[in-house]
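Per-entry structural report
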Amino acid sequence: MDVEVLSRIQFAFTVAFHYIYPPLSIGLGLLLVIMEGMYLKTGRKIYEDATRFWIKIFALIFGIGVATGIIMEFEFGTNWATYSKYVGDIFGSALAAEGIFAFALESGFLGILIFGWNRVSSKVHFFSTIMVFFGSLFSAIWIVVANSWQQTPAGYHIVGEGMNARAEITDFWAMVFNPSSVDRLTHVWIGAFLSGAFLVLSVNAYYILRKRHLEIARPSFKLALIVATACSLLQLVAGHHSADGVAKNQPAKLAALEGHYDTLARADMFLLGYVNNKTQEVRGLKIPGGLSLLLYGNFHEPVKGLNAFPADERPKQINAIFQVYHIMVACGIAMIALTLFAVWQWRRNRLFETKWLLWLFVFSVLLPQIANQAGWFAAEMGRQPWVVYGLLKTSDALSKTVTANQVLFSLIMFTIVYLLLLVLFLYLLNRKIKHGPVSDHVQEELEESSKRNNPIMQQ
Amino acid sequence: METFLGLDYNVWWFLVFGGVISGYAILDGFDLGAGALHLLLKKEQSRRIAMNAIGPVWDGNEVWLVIGGGALFAGFPVAYAAIFSAFYVPFMIFMMGLIFRAVAIEFRSKEPMLWWRKTWDVVYNIACIVIALSLGLMLGNVAYGIPLNADKEFAGNWMSFFHPFPIMVAITTLALFLMHGAIYLTMRTENRLYTKMHLLANNFTVFFVLSFVITTLYTLLYIPHLSDQFKQSPGLFLLPVLMILAIANIPRQIKKGMYRYAFLSSAITIALLLIMVAVEIFPYLLYASNNIDNSITIHNAAASAKTMKILLIIALIGTPLVAMYTAFVFWTFKGKVKLDDMSY
């Protein structure tokens, strides 16, 4: 394999792995603010226990998020040096702003969030929780701004030619509020809230099924259900806005999402299907003319097809893009259905009696995760062959001095290390969940009694 | 060229970048030093205390690296691109070190089994040493220079990283962090652990002074481009003199039991060291050892004047904020380490 393929695989792998964690931090951050707020307002111990329990899980998630996130910042330089030179003026400033405004805020107050419970007053602690949450929200702003600029460049001009060409800022705010950043940011934020809410739902559903920690699990489940329901519905609106933006700004990507090749053909919307990249045919369950309806409000307005673009200016892996996009949509719909049904059961006072529903919630933690990953794959693969839409091709963006062997070496290293990380993460997460939101004094007593039976621990 | 207070933007950004890197070296330096001597602590309790001494702050300290990366990317994209693609392999190893340090701290306390904790102790210790050495090796190479072609891209192979000078810088960096970390732990511990840290702090100070003197002599004798600034303007010799005073002050304060001042002195030592490196390499960011015309400077690597201005505004707003909450966090966790139920 050549450097380009290897570098793309490495970037996709490292960023996809990283992206398991930040949405969880953002989403859990929101729930921590709500839970701790409830604790301060009501003074009830169940909220304190719930908050302290989720802080521990938050710490675990955040730790891996940071460790894998630092890699991302430098991977532009290591593997995509030409890209870095080309966009440094713009992308770099967003990244610098992220570091100083967002990440520093988040990491600074994290120490107090995790270790400060007995050291600061409860109000100062609550303030720290809010700051950590804000930090994670701000992080998302700058990263999505930087990525959106790659999708819909604005506020720049090109200086120099050939290998020395690069984009320079002409208007900072036009760069920040480029045509897609607001739509994509809301989409990303809500996706992150869903990740956090569904994790809380899943863990508490498990407790309820196991009849453990019921006094904490039930109210926590309800809180998370409210967040999850609101966010699933909002995501429908945000997702629709994003799709509108893609149609306007990146027509080739939109055509790829639905496997729409021929401009003159009716623009269908598929629920599921399969694109034959060779014959340019799509088979599957569809709403005839649905894509036109979605974008223009009628069944016959033509939508620009893939064939309207030169072969080297449109993505190649249409079926893959089609599939990831539809997986994302399907997960979104599943989340709406699941949460609405649960709310209806709640109103009938049967929320915690329906066992199969609770089991669905236990596994539903995967839905937002899959949707987030699939959505990003659709966004990034749909932008190909461009790394900066319409300006710089991915194949021209590489580090010229890095060899395939070097990338292979780092890719193998990342694969091994990240798999190890994932196994450890799941193991520890599972342990913490099994341990549950009991206060540590209870746990210490348990440990004390087990120590007596374990001679090694007595040292 | 647009200027602010008589200095052009590029020089300002060079100073900001240098400041951030110094901040990183001072702050994460003691975390890394504490980690690099971890296995010298024998008791489980001592290891826990040492780890919790950096527990609430190491993450915030690492942020300075993230800010530094962003600062270089934004202000000097050409240098960012050249440096990280050139140091591909050492940098990947450095990154692995960072990952393993983070997860070792995170995972160690999660299980009570002895083998589990001992494994993470070893991982943690090695990771910190690897980070310090690879950081020093890369800094040494940046100062010494690497071969660059006319497009300002790396033109050597990985063998070109292993000159005696970068290796000496790597060892000096490790020694510096060990000293700094040991002093930090002395400041934060009590009783027998404290006595032990006291002794280690003294020994590592000697280790650092030795490796520093050897590296400096080598530089003066064999690397003209890193010493001519000093030879030309004798006024600059004030810097090494200040540094010698700062170093000399460390054992003095340790002896008196004034660990905060000892820690401050070693922080100042780190800052002065980096200032000296900055003076020597200025205005180069990456010196081309094969042909000086190919070197990357703060002018030919820079972002546009407009971006520089935006960045300076960001730094002006951001720095006081970061300083404020960093101070708040350090103040919250000041004093001797006490383990409680939220500790690692």
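In the annotation of an unreviewed UniProt entry, the entry for chain B reads Cytochrome d ubiquinol oxidase subunit II, and the organism field reads Lacibacter cauensis. Quoted verbatim from the Subcellular location (unreviewed entry) field of the UniProt record, the comment on chain B reads "Cell membrane".

Chain A has the name Cytochrome d ubiquinol oxidase subunit I in an unreviewed UniProt entry, where Lacibacter cauensis is given as its organism. Quoted verbatim from the Sequence similarities (unreviewed entry) field of the UniProt record, the comment on chain A reads "Belongs to the cytochrome ubiquinol oxidase subunit 1 family." What UniProt records for chain A under Subcellular location (unreviewed entry) is the sentence "Cell inner membrane".

At the interface, 82 residues of chain A touch 69 residues of chain B. Between chain A and chain B, the buried area comes to about 6500 Å², and carbon and sulfur atoms account for 73% of it. Contact with chain B buries surface across chain A, with Phe74(A), Phe115(A) and Arg119(A) losing the most and accounting together for 12% of the total. Taking the shortest distance from any N to any O, the salt bridge between Glu153(B) and Lys400(A) comes out at 3.3 Å. On inspection of chain A and its partner chain B, the count reaches 15 residue pairs in polar contact (both at pLDDT 80 or more). Contributions of two or more residues to the side of chain A that touches chain B are made by helix 3 (45-79), helix 4 (81-115), strand 2 (166-169), helix 14 (404-435) and helix 15 (440-452) of chain A. In terms of residue count, helix 4 of chain A provides more of the side of chain A that touches chain B than any other element does, 26 residues in total.

The next subject is unusual backbone geometry. Backbone phi values are negative for most residues with the exception of glycine, while trans is the configuration of most peptide bonds. For the bond running from Gln384(A) to Pro385(A), omega is 5°, close enough to zero to count as cis. Note that Pro385(A) resides in the loop between helix 13 (366-383) and strand 5 (386-388). The step from Phe282(B) to Pro283(B) runs through a cis peptide bond, and the omega angle for that step is 0°. Along the chain, Pro283(B) turns up in the loop between helix 11 (259-281) and strand 3 (284-286). In this structure, His213(A) takes a positive phi of about 50° despite not being glycine. Positive phi is not limited to glycine here, since Gln280(A) has a value of about 60°. Structurally, Gln280(A) can be placed in the loop between strand 3 (269-276) and strand 4 (281-287).

Let us look at the nonpolar core. The biggest cluster of nonpolar side chains holds 264 residues, and the ones touching the most others in it are Trp54(A), Tyr83(A), Phe221(A), Phe361(A), Phe76(B) and Phe107(B). Top contributing element to this core by residue count: helix 3 of chain A, with 20 residues. Judged by nonpolar contacts, the second largest core, of 7 residues, contains Val246(A), Ala267(A), Leu295(A) and Val303(A).

Three- or four-residue spacings in an α-helix give side chains the same orientation, since the helix completes a turn every 3.6 residues. Given a rise of 1.5 Å per residue, 30 residues ought to cover 44 Å, and the 44 Å separating the end C-alpha atoms of helix 11 (residues 318-347) of chain A matches this to within 8%. One or two positions beyond helix 11 of chain A, positive phi appears at Asn349(A), with a value near 60°.

Quick look at the packing of aromatic side chains now. All names here are of chain A. Tallied over the entire structure, the rule returns 54 aromatic pairs over all chains. Summarising the aromatic geometry, the rings of Phe221 and Phe352 are spaced 5.6 Å apart at their centres and angled 75° between planes, so their arrangement reads as edge-to-face. Residue Phe221 is found in helix 8 (residues 214-249), and its partner Phe352 is found in the loop between helix 11 and helix 12 (355-363); the two are separated by 131 residues along the sequence. According to the relative accessible area criterion, Phe352 is buried, its value standing at 15%.

Our next topic: a nonpolar patch on the surface. Residues and elements named next belong to chain B. A cluster of nonpolar side chains, namely Leu133, Trp158, Met159, Phe162, Ile167, Ile171 and Phe207, defines an oily patch on the protein surface of about 650 Å² accessible area. Mapped onto the elements, Trp158 comes out in the loop between helix 6 (114-144) and helix 7 (164-188). By relative accessible area, Trp158 is classed as exposed at 53%.

Tallied over the full model, the rule gives 16 salt bridges over all chains. Each member of the salt-bridge network shares a partner with another, and the members are Glu44(B), Arg47(B), Arg108(B), Arg117(B) and Asp121(B).

Parameters at a glance
Residues numbered from 1 in each chain as written. Chains lettered and ligands numbered in written order. Predicted model: local features only at pLDDT ≥ 70, side-chain atom pairs only at ≥ 80, totals over all residues. Heavy atoms only, no water. UniProt positions renumbered as here; feature names shortened; annotations may be inferred. Contact = heavy atoms within 4.5 Å. Buried area = accessible area lost by both parts, 1.4 Å probe. Salt bridge = Lys/Arg side-chain N within 4 Å of Asp/Glu carboxyl O. Polar contact = N/O pair within 3.5 Å; in protein donor to acceptor, adjacent residues only side chain to side chain. Helix = DSSP H or I, 4+ residues; strand = E, 2+ residues; numbered from the N terminus. Core = buried A, V, L, I, M, F, W, Y, C linked by side-chain atoms within 4.5 Å. Buried < 20%, exposed > 50% of the residue type's maximum accessible area, 1.4 Å probe, protein only. Expected span 1.5 Å × (residues − 1). Phe/Tyr/Trp six-rings, centres within 6.5 Å; stacked < 30°, edge-to-face > 60°. Patch = residues over 30% accessible without salt bridge, like charges linked within 9 Å, V, L, I, M, F, W, Y side chains within 5 Å. Areas by Shrake-Rupley, 256 points an atom, 1.4 Å probe, with all protein chains shown as cover.

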